[in-house]
There are 2 protein chains.
Amino acid sequence: MTPVTSGSLIVAGLGPGDDALITQEVRDAIDQATDIVGYIPYVKRIPARPGLTLHASDNRVELERASHALEMAAAGQRVVVVSSGDPGVFAMASALFEALETGPKAWLDLDIRVLPGITAMLAAAAQIGAPLGHDFAAINLSDNLKPWDLIETRLRAAGEAGFAMAFYNPRSKSRPHQFARALEILREACGPDVLISFARDVTKPTQKILTVTLAEARAEMADMRTMVVVGNRDTRRIGPHVYTPRSVT
Amino acid sequence: MTPVTSGSLIVAGLGPGDDALITQEVRDAIDQATDIVGYIPYVKRIPARPGLTLHASDNRVELERASHALEMAAAGQRVVVVSSGDPGVFAMASALFEALETGPKAWLDLDIRVLPGITAMLAAAAQIGAPLGHDFAAINLSDNLKPWDLIETRLRAAGEAGFAMAFYNPRSKSRPHQFARALEILREACGPDVLISFARDVTKPTQKILTVTLAEARAEMADMRTMVVVGNRDTRRIGPHVYTPRSVT
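On a predicted model such as this, the values are computed, not experimentally measured, just so you know.

What counts as what
- Residues numbered from 1 in each chain as written.
- Chains lettered and ligands numbered in written order.
- Predicted model: local features only at pLDDT ≥ 70, side-chain atom pairs only at ≥ 80, totals over all residues.
- Heavy atoms only, no water.
- Least-squares fit on C-alpha atoms with pLDDT ≥ 70 in both.
- Contact = heavy atoms within 4.5 Å.
- Salt bridge = Lys/Arg side-chain N within 4 Å of Asp/Glu carboxyl O.
- Helix = DSSP H or I, 4+ residues; strand = E, 2+ residues; numbered from the N terminus.
- Buried < 20%, exposed > 50% of the residue type's maximum accessible area, 1.4 Å probe, protein only.
- UniProt positions renumbered as here; feature names shortened; annotations may be inferred.
- Buried area = accessible area lost by both parts, 1.4 Å probe.
- Polar contact = N/O pair within 3.5 Å; in protein donor to acceptor, adjacent residues only side chain to side chain.
- Nonpolar A, V, L, I, M, F, W, Y, C, P; charged D, E, K, R; others polar.
- Pairing = 2+ DSSP bridges.
- Axes fitted to C-alpha atoms, helices over the stretch in contact; angles between N-to-C directions.
- Domains from an automatic or database assignment.
- Expected span 1.5 Å × (residues − 1).
- Arc of directions from axis to C-beta.
- Phe/Tyr/Trp six-rings, centres within 6.5 Å; stacked < 30°, edge-to-face > 60°.
- Lys NZ or Arg CZ within 6 Å of the ring centre and 35° of its normal.

Here chain B sits on chain A after a turn of 180° about the axis and a move of 0.0 Å along it, with an RMSD of 0.0 Å. Expressed as a symmetry operation, the mapping of one chain copy onto the other fits a two-fold axis. A share of 100% of interface residues in chain B that are also interface residues in chain A marks the association as one of identical surfaces.

Here is the structure:
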C-alpha cells in the first residue's frame, strides 16, 4: 500500500475541446496519474492505459465528485480531476475547495494543485478576433447557484461601466426566458449598436460563429454549448474579424 | 519569391512564463513560422533554427510591430507574433487589428489567426487556489490608453456589484500613487475584509504569492510584474488555498 503522504490531487484544465489546446503541464499530470475523475464527456477525452483508473460521473454532482477525488488522494493515489476549459473559471476548482472545507481535517495536508487551461471565453475570443481586448467581465448566466436578480444587477453594472462581457451557460431549456431578459438589459445598458458574438462548439469541428448587433440579437442564437461575447461601444468589425481597441473613445 | 497568397499571420500566446504552459497549437505554429515578431523578452523564449528569423522590438511600439508583421505576411512569409499570456487579454491581438484597420486594403485578405494562451490572471488564480471561481472582472490599471477616472468608475462598479477582480499592470514607477487610490476605492466598494492576493512572477522560479485583507493591503505590495486578484465577500482561505465559492451568501 502506498503511504498516505505520497497522494496528490491535481485539478487540470483540458481546454475547450481541441486537444491541441491542452498544455504540456496538463499532459504530464495525466501521464503520471493513477486516477482520473470528472464529468463523463471530459473523462472520455483521456486515453485508457494500464495503471490508470477512469472515474466518470454525471453532471451536477460536483461536490460528490470532488470528495471522491480527495478520498482517493488521501489514500495515496495520484488523482487528476479533469475539467473543461480552465478549472478556475466556472468549473471544478471551486467545487474542490468547497469539498475540502467541509471534509476531514487531514485533507488539509494533501498536496493539491490547480493547473490552468484555455477557458472557453478566451478560445471564443481568439476565433472571433479580439473582442475582449479591453477591460471585460466574465459572468455565469445560470441561476442555479445565485439569484437571477443579482445577475441582472451585474449585467447592468458591467454594461454601464463600459466593460466588454463574456457569458458562460447563457441559456438552458429550464430557463429559456432569462436570456431574452438579459439581452433587453444589455440593449438598455450598452445601447443597441454594440456587437454581440455567439460562438458555438468553440474549437470543435462543428464550430459556428455569428456576430450581430444587440438590436439584432435573439435569445435563440444561444444554447448551453454557446459562449456569448459582448463588446463595448468601441468594438468594431475589420474584415472578417471583430475586435475591441485598446483605447476608449 | 513565394506568392502573396501563401503568407499568413498568427498572433500566439506563450503563457505567463513557464514553457510547460504553452499549448501544442502554439508550438506547432512556431515550428512552421519563417518569422517571429515580438517584444524582446518574449522573442528570447523562441529557440533559433535555420529558416527562422527573429524580429525583437522594444516595449511600447505595438503598432509598428504589428504593421511590420502584416507587411511580412503580405510579402508571403509565415509570421508569428508572440505575446505573453493570451494575446487577446491586454496584449498584441487588439494592436494587430488596429494596425490592420489603418493599413492597406490588401491586408484584409490575409490569413490572420489568433491562438489563445494561458493569461497571467488565470495562471495566478490557479497558484492562489480558485479566487476567480465566481463572476469576475479583468481590468488593466494602466492609464496609458484610457483616463484614470474611467478606471475608478470601473473599480467602483465591479466592487459594488460583487465581482471578483483581476488587475493587469497594477503599478508603475511613473504613477506610484494611483494604485494606492485604487486600494482606497476597493476598501469602500468591497469592504475592508475582502481578500486580495499579490502574485509576482507567476509560474517563474522567482514566483511569490501574498494574500491579505483589503484593510492590510499596501500599494508597495504590487509592481508591474505582479498580478493582483481581489475576491468577493465570500472569498475565503482553506488551508494554504484561497477560493471563491460558486454560490453567493
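Structure's up, so let's keep going.
Here we take up the pattern of salt bridges. Counting across every chain of the model gives 24 salt bridges over all chains. Where Arg246 of chain B meets Glu98 of chain A, a salt bridge forms, and the shortest distance between an N and an O atom there is 2.9 Å. Placement of the pair is Arg246 of chain B in the segment after strand S13 (241–243) and Glu98 of chain A in helix H4 (residues 92–102), with the two residues belonging to separate chains. Overall, the relative accessible area of 12% leaves Glu98 of chain A in the buried class. Where Asp135 of chain A meets Arg154 of chain B, a salt bridge forms, and the shortest distance between an N and an O atom there is 2.8 Å. Remark: Arg154 of chain B occurs in helix H6 (residues 148–160) and Asp135 of chain A occurs in the loop between strand S6 (129–130) and strand S7 (136–140); the pair is interchain, linking two chains. Comparing Asp135 of chain A with Arg154 of chain B, the two get one shared label, buried.

Using the residue numbers shown here, the UniProt feature "domain: Tetrapyrrole methylase" (unreviewed entry) corresponds to residues 9–217 of chain A. Its end C-alpha atoms 43 Å apart, residues 9–217 of chain A is made of 35% helix and 24% strand.

Chain B puts 63 residues into the contact, and the matching count from chain A is 63 residues. Carbon and sulfur atoms supply 63% of the area that chain B and chain A bury against each other, a total of about 5,500 Å² over both sides. Inspection of the region where chain B meets chain A yields 10 salt bridges. Across the salt bridge formed by Glu62 of chain A and Arg246 of chain B, the nearest N and O atoms sit 3.9 Å from each other. The interface formed by chain B and chain A holds 26 residue pairs in polar contact (both at pLDDT 80 or more) in total. The element contributing the most residues to the side of chain B that touches chain A is helix H4 (residues 92–102) of chain B, with seven residues. Residues of the side of chain B that touches chain A, tallied by class, amount to 37 nonpolar, 15 polar and 11 charged. Where S7 of chain A meets strand S7 (residues 136–140) of chain B, three bridges bridge the pair, whose relative direction is antiparallel. Residue pairing for S7 of chain B: Phe136 of chain A is matched across the bridge by Ala138 of chain B.

In this section: the sheet that holds strand S5 (residues 111–115) of chain A. All names here are of chain A. Strand order in the open sheet formed by five strands is S3-S2-S4-S1-S5, and the pairing between neighbours is parallel. In this open sheet, the two strands that pair with only one neighbour each are strand S3 (53–57) and S5. Shown here is a sheet whose adjacent strand axes are inclined to one another by a mean of 15°, direction ignored. Here strand S2 (residues 35–39) runs beside S3; their pairing, made up of five bridges, is parallel. Across the sheet, residue Ile36 finds its bridge partner in S3, namely Leu54.

Turning our attention to the domain arrangement of chain A. All names here are of chain A. By domain assignment, chain A separates into domain 1 (4–118) and domain 2 (121–243). On a C-alpha basis, the centroid separation for the pair domain 1 and domain 2 is 29 Å. Summing both partners gives a buried area of about 660 Å² for domain 1 against domain 2, and 66% of it is carried by carbon and sulfur. At the junction of domain 1 with domain 2, the criterion picks out zero salt bridges. Remark: the boundary between domain 1 and domain 2 carries one residue pair in polar contact (both at pLDDT 80 or more). Residue composition of the side of domain 1 that touches domain 2, grouped by class: five nonpolar, one polar and two charged.

Residue and element names in this part refer to chain B. With 13 residues, helix H3 (residues 62–74) ought to run about 18 Å at 1.5 Å a step, and its terminal C-alpha atoms sit 18 Å apart, in line with that. For H3, every residue scored as buried is listed here: Arg65, Ala66, Ala69, Leu70, Met72 and Ala73. Across the axial projection of H3, the buried residues extend over an arc of 165°, all falling on one side. Among the structural elements, strand S1 (8–13), strand S2 (35–39), strand S3 (53–57), strand S4 (78–83), H4 and strand S5 (111–115) are those in contact with the buried residues of H3. Gly76, located one to two residues past H3, shows a positive phi value of around 105°.

A few words on the packing of aromatic side chains. Using the criterion set out here, one finds eight aromatic pairs over all chains in the structure. Their ring planes at 85° and their centres at 6.4 Å tell us that Phe179 of chain B and Phe198 of chain B sit as a pair that is edge-to-face. Highlighted residues: Phe179 of chain B in helix H7 (residues 176–190) and Phe198 of chain B in strand S9 (residues 195–200), separated in sequence by 19 residues. Accessibility expressed as a relative area gives 0% for Phe179 of chain B, which makes it buried. Above the ring of Phe163 of chain B, the side-chain terminus of Arg154 of chain A is found at 5.7 Å from the ring centroid.

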